Amino acid sequence: MVDPTTNAFAIESTLGLCASRDSRTVDVGAGACEGILVVADGIGGHCTGWLGARLAVRAIVEPFASPNTKARFVGAADGFPDDWGWAGAMQSREAGAFVYEACAADFGDRAALPHDLAAVFSEIDRVVANVPAHARIHGLLVGCIAATFEGGRVRGAHVGIGRALLLRAGADHFESLVVEHYMHLVFARMTKYNDIDPAQIPPNILVNGLGGLSNMGIGIDRFDVELGAGDLLLLCSRRLDVPEEEVARIARAAVDEGAPLDELARTLERRSAEMFDVSEAHRAQDVAFAIALSQQQR
């Protein structure tokens, strides 16, 4: 029995995956377990981003797993690609599993990884930076957003270009909880480049991620919010192809109608797939997302 005078919340969650650009690999992933949600984007060329995304998601989720709680995964976190690597030197699923286990061994006992998000982000940064020692994969960078839940309290950590969007009960627009680590948005924090004219910085230059935290000095951002009944949190590995204003309208309608979260996730996947016709399919992005809905326990 829950004491009705306390703010006790039940958190319902689901995962989604928009993978519509027809590439050989899906380089984004998401995971969930009791008390944790994470999305990651393996930013790297030559169809190797799946490795970084999988390393990040699994390292964050697995320490929270127990015999009584089953972890859920989608995208790169859920399996290995059948065909990956450089064109003309493609690798198999079995090779992918071998490379992943070799790199993940750098974590040591994954069950002993810290629950503190900033601490585990630092561990992932170290492991991703050492990937070339195992597989001669260079330039791998991982964007990641993770959030832990304790009742209605959400504590999160962020690097890269993901999105953490909060839709308060009754609201029609998202509140953004993070700043994307694009150069034109975080330039003021990059002291070693203070001689550059901000007006000359082109948009959408990624400047931070796991595997390269020390290069730009931006570090790991945190967010900390209290959820109330009916509040919805959306984590995305990067912006969806659907404009965020439309995503908010879709989410608002789903919550108001009492639609299952899984149904909302499928709606977002379908809407993303509709954004580009066949001739422009190359413009679509792979995005993994996670949705959490806070509800008052009865």
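Look above for the structure.
Reading the values: rules and limits
- Residues numbered from 1 in each chain as written.
- Predicted model: local features only at pLDDT ≥ 70, side-chain atom pairs only at ≥ 80, totals over all residues.
- Heavy atoms only, no water.
- Core = buried A, V, L, I, M, F, W, Y, C linked by side-chain atoms within 4.5 Å.
- Buried < 20%, exposed > 50% of the residue type's maximum accessible area, 1.4 Å probe, protein only.
- Helix = DSSP H or I, 4+ residues; strand = E, 2+ residues; numbered from the N terminus.
- Contact = heavy atoms within 4.5 Å.
- Axes fitted to C-alpha atoms, helices over the stretch in contact; angles between N-to-C directions.
- Parallel < 35°, antiparallel > 145°, perpendicular 65-115°, else oblique.
- Left-handed = near helix turned anticlockwise from the far one by under 90°.
- Nonpolar A, V, L, I, M, F, W, Y, C, P; charged D, E, K, R; others polar.
- Pairing = 2+ DSSP bridges.

Draft legend 1. Inspection of the nonpolar core at higher detail. Residues Leu51, Leu55, Ile60, Phe121 and Cys144 are the most contacted members of the largest nonpolar core, which totals 43 residues. At the level of secondary structure, the elements contributing two or more residues to this core comprise strand 3 (36–43), helix 1 (49–61), helix 2 (93–104), helix 3 (117–129), helix 4 (131–135), strand 5 (141–150) and strand 6 (153–159). The greatest single-element share of this core, amounting to nine residues, is contributed by helix 1. If we ignore the near neighbours within four places in the chain, the residues touching Phe121 are Ile60, Cys144, Ala146, Ala157, His158, Val159, Leu210 and Ile220.

Draft legend 2. Focus on the packing of helix 1 against helix 2. One can describe the packing of helix 1 onto helix 2 by two numbers: an axis separation of 11 Å at closest approach and a directional angle of 50°. Relative to helix 2, the element helix 1 lies oblique. The chirality of how helix 1 crosses helix 2 is right-handed. Touching Trp50, Leu51, Arg54, Leu55 and Arg58 of helix 1 are Gly96, Val99, Tyr100, Cys103 and Ala104, all from helix 2. Its residues assigned to classes, the contact of helix 1 with helix 2 comprises seven nonpolar, one polar and two charged.

Draft legend 3. Structural detail: the sheet that holds strand 1 (residues 9–18). With respect to topology, five strands assemble into an open sheet ordered 1-11-10-7-8, the strand pairing being antiparallel. Bordering the open sheet on either side are strand 1 and strand 8 (175–176), each of which pairs with just one other strand. Bridging between strand 7 (residues 163–167) and strand 8 involves two bridges; their strand directions are antiparallel. Across the sheet, the residue bridging to Leu165 is Ser176, located in strand 8. Helix 7 (residues 244–257) contacts strand 7, strand 10 (232–236) and strand 11 (287–296) of the sheet and is inclined by roughly 45° relative to strand 7. Against the sheet, helix 8 (residues 261–273) contacts strand 1, strand 10 and strand 11, and its axis sits at roughly 25° relative to strand 1.

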